[in-house]
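Below are the chains, spelled out letter by letter.
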Number of protein chains: 2
Amino acid sequence: MFNILNIMTKKSAVLLPKTTHILETVGDQIKLARLRRKLSGEMVAERAGIGRNTLISIEQGKPTVSIGHYLNVLKVLGLEKDLLALAKDDDLGRKLQDAGLSTKERAPKKN
Amino acid sequence: MFNILNIMTKKSAVLLPKTTHILETVGDQIKLARLRRKLSGEMVAERAGIGRNTLISIEQGKPTVSIGHYLNVLKVLGLEKDLLALAKDDDLGRKLQDAGLSTKERAPKKN
DNA sequence: TTATAATGTTTAATATGATAAACAATAATG
DNA sequence: CATTATTGTTTATCATATTAAACATTATAA
């Protein structure tokens, strides 16, 4: 509590309220998908190769869990392809690209 | 190499080939979204509050990066709502639910 | 063609993610 | 109602995720 050193050396992700809400919503959706399949947390955790506590962290929307564990849980539920939606339909990006044209392998140099 | 103890005590996610490919594809999509915005890796990493190496891990599809860091990178690109797609359209789940009916707060007891 | 910024790799240090275990609370059954 | 499996919390331990720094490569733009 009030540990300035902890704040300055923090390595875990700091989320804004809106971002936190997104993660919690995803956690709820994953839990609902599990319950629809009538699977206990212990069963899903075991099949995903993770501990029970880590699955609970996912379902509660904790930002610390690795994307690999996330993905393996989605796979147990048959939902792993949902991840492909990330940065897939990049409308803004394509408009920016149309404006600037071309797509390079690297970002432009700042001169 | 050939460290049986490392295998038995592994905590990082073990992915199957198909799952690995999904993560790598997402990494490519994130990198493409960054380049369309003409942002350097250093700039995105700084805005997302992570190190440059961690962003590289994300763009290369490494399974170790936390969902929180992932989410903050997506936010820098204006794509954070994409995460809401995870376990959202659970077609199979809804069919299973229709078959079994009801939705409980917990998985059924196994007796 | 040349200069250089962007990207990628490796290494070492350390904060932390993931875990099991023990426990408490409670929803789901009979 | 009574029983109990599921869910959730806390704690301690340890493997590892994250980082900065130094360096190498190469695409970019003049």
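Refer to the structure above for everything that follows.
Residues numbered from 1 in each chain as written. Chains lettered and ligands numbered in written order. Predicted model: local features only at pLDDT ≥ 70, side-chain atom pairs only at ≥ 80, totals over all residues. Heavy atoms only, no water.

### A short note on the nonpolar core
- Formed by 50 residues in total, the largest nonpolar core has its most connected members in L83 of chain A together with L83 of chain B.
- Mapped onto this core, the elements with two or more residues apiece are α2 (17-36), α3 (41-48), α4 (52-59) and α5 (67-76) of chain A together with α2 (17-36), α3 (41-48), α4 (52-59) and α5 (67-76) of chain B.
- Ignoring any residue separated from it by four or fewer positions in sequence, one finds L83 of chain B in contact with I22, L23, V26 and L86 of chain A together with I67, L71 and L74 of chain B. (Core = buried A, V, L, I, M, F, W, Y, C linked by side-chain atoms within 4.5 Å. Buried < 20%, exposed > 50% of the residue type's maximum accessible area, 1.4 Å probe, protein only. Helix = DSSP H or I, 4+ residues; strand = E, 2+ residues; numbered from the N terminus. Contact = heavy atoms within 4.5 Å.)

### Focus on the interface of chain B and chain A
- Counting residues at the interface gives 61 residues for chain B, matched by 61 residues for chain A.
- A combined buried area of about 4,800 Å² lies between chain B and chain A, and 67% of that area is made up of carbon and sulfur atoms.
- It is R36, I67 and L86 of chain B that lose the most area in chain B upon contact with chain A, and together they represent 15% of the buried surface on that side.
- On the surface where chain B and chain A come into contact, there are four salt bridges.
- Linking chain B to chain A there are 18 residue pairs in polar contact (both at pLDDT 80 or more).
- Looking at the side of chain B that touches chain A, the element that brings in the most residues is α2 of chain B, giving 13 residues.
- By residue class, the composition of the side of chain B that touches chain A is 30 nonpolar, 13 polar and 18 charged. (Buried area = accessible area lost by both parts, 1.4 Å probe. Salt bridge = Lys/Arg side-chain N within 4 Å of Asp/Glu carboxyl O. Polar contact = N/O pair within 3.5 Å; in protein donor to acceptor, adjacent residues only side chain to side chain. Nonpolar A, V, L, I, M, F, W, Y, C, P; charged D, E, K, R; others polar.)

### Describing the relation of the copies chain B and chain A
- Once turned by 180° and shifted 0.0 Å along the axis, chain B lies on chain A with an RMSD of 0.0 Å. The transformation relating the two chain copies, once decomposed into turn and shift, fits a two-fold axis. No C-alpha of chain B lies nearer the rotation axis than that of S66 of chain B, which sits 1.9 Å from it.
- Interface overlap between copies is the fraction of interface residues in one copy that are interface residues in the other; for chain B against chain A it reaches 100%, indicating a shared surface. (Least-squares fit on C-alpha atoms with pLDDT ≥ 70 in both.)

### Regarding the protein's contact with DNA strand D
- Around DNA strand D, the structure places 36 residues, and the nearest of them are R106 of chain A together with N53, T54, R106 and K109 of chain B.
- Sugar and phosphate atoms represent 63% of those atoms of DNA strand D found within 4 Å of the protein.
- The contact in question runs from a phosphate oxygen of DNA strand D to an N or O atom on the side chain of R34 of chain A, over 2.6 Å.
- A distance of 3.0 Å is found between a base oxygen of DNA strand D and a side-chain nitrogen or oxygen belonging to K11 of chain B. (Near = heavy atom within 4 Å.)

### A few points about the protein's contact with DNA strand C
- Taken together, 35 residues surround DNA strand C, and among them N53, T54 and K109 of chain A together with R52 and R106 of chain B come closest.
- By atom count, sugar and phosphate contribute 63% of the portion of DNA strand C lying within 4 Å of the protein.
- Contact distances for DNA strand C include 2.6 Å between a base nitrogen and a side-chain N or O atom of N53 of chain A.
- The contact in question runs from a phosphate oxygen of DNA strand C to an N or O atom on the backbone of G41 of chain B, over 2.6 Å.
- Put simply, the parts of the chain that give the surface near DNA strand C at least two residues each are α4 of chain A together with α2 and α4 of chain B.
- Here the residues of the surface near DNA strand C are counted per class, giving seven nonpolar, 15 polar and 13 charged.

### Quick look at the pattern of salt bridges
- All told, the structure shown has eight salt bridges over all chains when counted by the stated rule.
- One salt bridge connects D90 of chain B with R36 of chain A, and the closest N-O pair in it is separated by 3.6 Å. Here D90 of chain B, found in the loop between α5 and α6 (91-100), pairs with R36 of chain A, found in helix α2, and the two come from separate chains. Side by side, D90 of chain B and R36 of chain A carry an identical accessibility label, which is buried.
- For R94 of chain A, the salt bridge identified is with D91 of chain A, shortest N-O distance 2.8 Å. You can see R94 of chain A and its partner D91 of chain A sitting in helix α6 (residues 91-100), three residues apart, about one turn around the helix.
- R94 of chain A sits in the partly exposed class, given a relative accessible area of 35%.
- Given the relative accessible area of 45%, D91 of chain A is considered partly exposed.

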